[in-house]
Number of protein chains: 2
Amino acid sequence: MFGARFLARALRSCSSAPCPGHRPPARLSVRDALGAQSTSGERVKVQGWIRSVRSQKEVLFLHINDGSSLESLQVVADSSFDNRELAFGSSVEVQGQLVKSPSKKQNMELKAEKIEVVGNCDATAFPFKYKERHPLEYLRQYPHLRCRTNALGSILRVRSEATAAIHSFFKDNGFVHIHTPIITSNDCEGAGELFQVEPSSKIKMPEENFFNVPAFLTVSGQLHLEVMSGAFTQVFTFGPTFRAENSQSRRHLAEFYMVEAEISFVESLQDLMQVMEGLFKTATMMVLSNCPEDVELCHKFIAPGQKERLEHMLKNNFLIISYTEAVEILKQSSQNFTFTPEWGVDLHTEHEKYLVKHCGNIPVFVINYPLALKPFYMRDNEDGPQHTVAAVDLLVPGVGELFGGSLREERYHFLEQRLARSGLTETYQWYLDLRRFGSVPHGGFGMGFERYLQCILGIDNIKDVIPFPRFTHSCIL
Amino acid sequence: MFGARFLARALRSCSSAPCPGHRPPARLSVRDALGAQSTSGERVKVQGWIRSVRSQKEVLFLHINDGSSLESLQVVADSSFDNRELAFGSSVEVQGQLVKSPSKKQNMELKAEKIEVVGNCDATAFPFKYKERHPLEYLRQYPHLRCRTNALGSILRVRSEATAAIHSFFKDNGFVHIHTPIITSNDCEGAGELFQVEPSSKIKMPEENFFNVPAFLTVSGQLHLEVMSGAFTQVFTFGPTFRAENSQSRRHLAEFYMVEAEISFVESLQDLMQVMEGLFKTATMMVLSNCPEDVELCHKFIAPGQKERLEHMLKNNFLIISYTEAVEILKQSSQNFTFTPEWGVDLHTEHEKYLVKHCGNIPVFVINYPLALKPFYMRDNEDGPQHTVAAVDLLVPGVGELFGGSLREERYHFLEQRLARSGLTETYQWYLDLRRFGSVPHGGFGMGFERYLQCILGIDNIKDVIPFPRFTHSCIL
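This one's a predicted model, so the numbers in the text were calculated from it and none came from an experiment.

Moving on to the pairing of strand E9 (residues 195-199) of chain B. With four of its five residues buried, E9(B) lies for the most part within the structure. Judged from the five bridges that link them, strand E9 (residues 195-199) of chain A and E9(B) form a sheet pairing that is antiparallel. The residue bridging A:Gln196 from the neighbouring strand is B:Glu198, located in E9(B).

Now the structure itself:
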């Protein structure tokens, strides 16, 4: 429903406003009805779906939900209103008076004067049953209906709030938002399987590519953000990224969202880590304050103990260890790893989990990785004998790697050599150009948005924190 | 640069904060420096790129831009600082005192005590020249550098502000934000060429599709939003959409952004049009108030007269005519159209332009289109003899169609018949499900984001309002 402010504005500005003669009842969202401070005695109209029906001798109780909040609005009606169509899942419109509720369970309730069933619900075919709590795995079978459950409703409202919180964090700190391209002719990481894009009908252009060059779905907006940080100093993007990996894990999707930032005139990993930690903590505090009930539902029913784990992350300063230290810690551990930890080899999930636990379940930045493990654009630390680059990963409890970032190689000749060694000089001539014309030290990072949601809510499977998950063998709807 | 508020917060919360012993000069963005209210005498540090150098006998003037605003900061230095590296396009760091400027041209200026060249600019190779105003068409050749010009800088800052304004319009009015999927197994419109998606390496799965079914890039998030409006009542999405059309026009891209909304319990096109008009006007007013200089640059140098045209759109109520009336107007016109206007045939761009002009260059909603022209999901008006559906397009000056929307067919049996007639019943079983379980009248719309930017800024070519345009034969970077 529109807030009063919007309606007033819209009616003022729009040619299509009806003449206000006799006043129809004001349309209220369930959220606004529940939060109403006074009962002016005015008639209101609430629309939504029936979440419960309780019929007593003389009174009928309905709970109406419209997705504006986890909580439903209690409707109290004379039992004469009762009819078989008033069933779980049906949509209704209720008119009546909003009154203070005598019960402590809710602030307000609606005394019904008129109840109209808008659309029936075929209860035998409807996959969700009244009063049953269905496991997330069961809900996953119904991607077109699961958002109507309490659990997915709460998760997706949190997702919406987190999206807004992330945008506002960057806006408040002077970042310019950039839509980096989805279809791209370059492969940022050189790692990970790509999706290729072609017109589905090849009739018109049988011989050539639509774009003249092979085109792929983006795996990261970083290189494009670097272009933009050379003009706007601080930029961010928040959009879909893709990996064609044949993985069925709880941590991977073929299509997922990334928050990426790039900052010019940044000379140390410290500066980058400050922004990462600031982003994580600020966004999370905003989510906790804007939809506490939705977060609480997850913490209470889906991930017991998560509330305390999250508070522990928020109140502590994140830790910093070097990759070399991390390998030492792993080597000294008594744990039997499937992959033996060794300097020069990538950290595996089992290692990341161990490190976070070792750090007391406080998020930990691991910095300065072996040069040989990392892509060409990361800044050479010029150290030795163990040659590293200024890369940083943030590991968090439960999820493992949440952020990845680095300083970028801004020195023309260093970059030129790295590119030449990989035979990429020609492809990345434009990227070298950025270092020919007013190059500046800079760096950036990316955060997996679904993993962020998993981390704050304690949701085990990544498929439950995205509206329509895409992965190998599955692209439903 | 980070605002003081952020820095304070970050330093408090981050383990990596340095001990504050002797205070380094505060780092300020050009925007913050220009807007400073008082001169506390403190030393500050400003970083950016040189936009102009003027060397006088005893004084050296530099203009420094960091993309935080269109306006540059004037740096005043002793001529002894002059050196050949201080050239157009170089990056610099300047330390000094911020003082009130004696000139009326700016509020503050920076009295330099230290100037350090961070990165040189190879002036002979740099495609932009000092003091030259390059046409947008010329800039398009340099997608990795054009954001450093005033014109593209302003356009992309406006794009960023407009993005934020749209998000905040929906948030303020209680909409839940949804990330509708990019890769999808269904084709919403049945019209328009699709891009198909496959892993680039077919080694692992030679026989089958990655997703088991053919998968495409989305042309609209509407159907997925309808799923969500059945739970959250009011939802919106703002993301990339794709058309594989072989078009080189000034109005089409292969990858573009759409703002889409879907609203439950909406029973008339009036209600939808209110939201569309509200979105257009509210977002535009926010953009105008948040980045007036950037908008002014476009209105002054790129599209003279656009300021007045936009004001005319904002101060007038949008008009409404029916498709049938529109065809009558076109038929009665003395203009020679390439396509003869006729009831039952789609409106062409030339028709749309004529209609807007006919309406006094006020945006005009055209409603109730022939059923035969529109996709299966649009609501049947059950009228006759000319059978129409409750569809609406908004036509605006200069651009033509900006919004498209409709009421959706919420009646199970109507929809079932339409699907059956198109042989789509099986494919859209899930969509029919939405009408089996608590169906509600609802409707929604989509707005082309780039066209919106073209409309408010008066930018002729759509390729100039998106950071990295993708179209036939072109996918640079």
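Having put the structure on the table, let's press on.
To continue, consider empty space enclosed by the protein. This model, assessed by the stated rule, comprises 13 cavities of 30 Å³ or more. In this structure, the largest cavity occupies an estimated 330 Å³ of space. Counting only elements with at least two residues in the lining of the largest cavity, the list comes to helix H4 (150-172), strand E11 (234-242) and strand E12 (255-264) of chain A together with helix H4 (150-172), strand E11 (234-242) and strand E12 (255-264) of chain B.

Next up on the list: helix H10 (residues 349-358) of chain B. Residues and elements named next belong to chain B. Listing the buried residues of H10 in full gives Glu350, His351, Glu352, Leu355 and Val356. Buried residues belonging to H10 abut strand E13 (319-322), helix H9 (323-332), strand E14 (364-370), strand E15 (388-396) and strand E16 (400-407). Positive phi shows up at Gly360, right after H10, with a value of about 75°.

A separate point is the relation of the copies chain B and chain A. Of the transformation superimposing chain B on chain A, the axial component is 0.0 Å and the angular component is 180°, with the fit at an RMSD of 0.0 Å. With respect to symmetry, the two chain copies, as superposed, fit the operation of a two-fold axis. Closest approach to the rotation axis among the C-alpha atoms of chain B is made by B:Val197, whose C-alpha sits 2.5 Å away. Both copies present the same face, since 100% of the interface residues in chain B are matched by interface residues at the equivalent positions in chain A.

As a further point, take the side chain of A:Asn186. Examined against the element boundaries, A:Asn186 turns out to sit in the loop between strand E8 (183-184) and E9. Take A:Asn186: its relative accessible area is 8%, and that puts it in the buried class. If near-sequence neighbours (up to four positions away) are discounted, A:Asn186 is found in contact with A:Leu223, A:His224, A:Tyr428, A:Trp430 and B:Leu477.

To continue, consider the environment of B:Ser406. Residue and element names in this part refer to chain B. Locating Ser406 in the fold gives a position in strand E16. Ser406 sits in the buried class, given a relative accessible area of 0%. Taking the C-alpha atoms as reference points, Ser406 and Phe468, separated by 62 residues in sequence, lie 31 Å from one another. Those residues within four positions of Ser406 in sequence are excluded, and the remaining contacts are Leu269, Leu272, Tyr377, Met378, Ala390, Ala391, Val392, Gly443 and Gly444. Engagement of the side chain of Ser406 in a polar contact is seen with the side chain of Arg408, the distance being 2.8 Å.

The subject of this paragraph is the confidence of the model for chain A. Residue and element names in this part refer to chain A. Per-residue confidence for chain A gives a mean pLDDT of 92, with 93% of residues at or over 70. With pLDDT under 50 throughout, residues 1-20 is counted as low confidence; its partners more than four residues away or in other chains account for 44 contacts. For this predicted complex, the interface confidence reaches an ipTM of 0.94, while the overall pTM sits at 0.95.

A few words now on the sheet that holds E12(B). Residue and element names in this part refer to chain B. Across the sheet, which stays open at both edges, the eight strands sit in the order E7-E11-E12-E17-E16-E15-E14-E13 with mixed pairing between neighbours. In this open sheet, the two edge strands, each paired with only one partner strand, are strand E7 (176-177) and E13. Across nine bridges, the pairing between E11 and E12 is antiparallel. Bridge pairing in E12 places Val235 opposite Glu262. Those strands touched by helix H13 (residues 449-457) are E11, E12, E15, E16 and strand E17 (442-448), and its axis lies near 60° from that of E17.

On to the state of the cysteines, then. In a disulfide, the sulfur atoms of two cysteines are held together by a covalent bond. Residue and element names in this part refer to chain A. Applying the stated rule across the entire model yields zero disulfides over all chains. Note on Cys147: no disulfide assigned, nearest cysteine sulfur contributed by Cys121 at a separation of 13 Å. Here Cys147 falls in the buried class, since its relative accessible area comes to 3%.

Summed over the entire model, instances satisfying the criterion amount to 34 salt bridges over all chains. Linking B:Lys171 and A:Glu161 is a salt bridge whose minimum nitrogen-to-oxygen distance equals 3.1 Å. Placement of the pair is B:Lys171 in helix H4 and A:Glu161 in helix H4, with the two residues belonging to separate chains. With relative accessibility at 37%, the residue B:Lys171 sits in the partly exposed group. A:Glu161 sits in the buried class, given a relative accessible area of 17%. Each of A:Asp122, B:Asp433 and B:Arg436 takes part in salt bridges that share partners, so that together they form one network.

The rules we used
Residues numbered from 1 in each chain as written. Chains lettered and ligands numbered in written order. Predicted model: local features only at pLDDT ≥ 70, side-chain atom pairs only at ≥ 80, totals over all residues. Heavy atoms only, no water. Buried < 20%, exposed > 50% of the residue type's maximum accessible area, 1.4 Å probe, protein only. Helix = DSSP H or I, 4+ residues; strand = E, 2+ residues; numbered from the N terminus. Pairing = 2+ DSSP bridges. 1 Å grid on protein atoms, 1.4 Å probe; cavity = no way out; pocket = protein on both sides within 12 Å on 5 of 7 lines; lining within 4 Å. Points joined across faces, edges and corners; volume = space filled by probe spheres on them. Contact = heavy atoms within 4.5 Å. Least-squares fit on C-alpha atoms with pLDDT ≥ 70 in both. Polar contact = N/O pair within 3.5 Å; in protein donor to acceptor, adjacent residues only side chain to side chain. pLDDT = per-residue confidence, 0-100. Axes fitted to C-alpha atoms, helices over the stretch in contact; angles between N-to-C directions. Disulfide = S-S within 2.5 Å. Salt bridge = Lys/Arg side-chain N within 4 Å of Asp/Glu carboxyl O.

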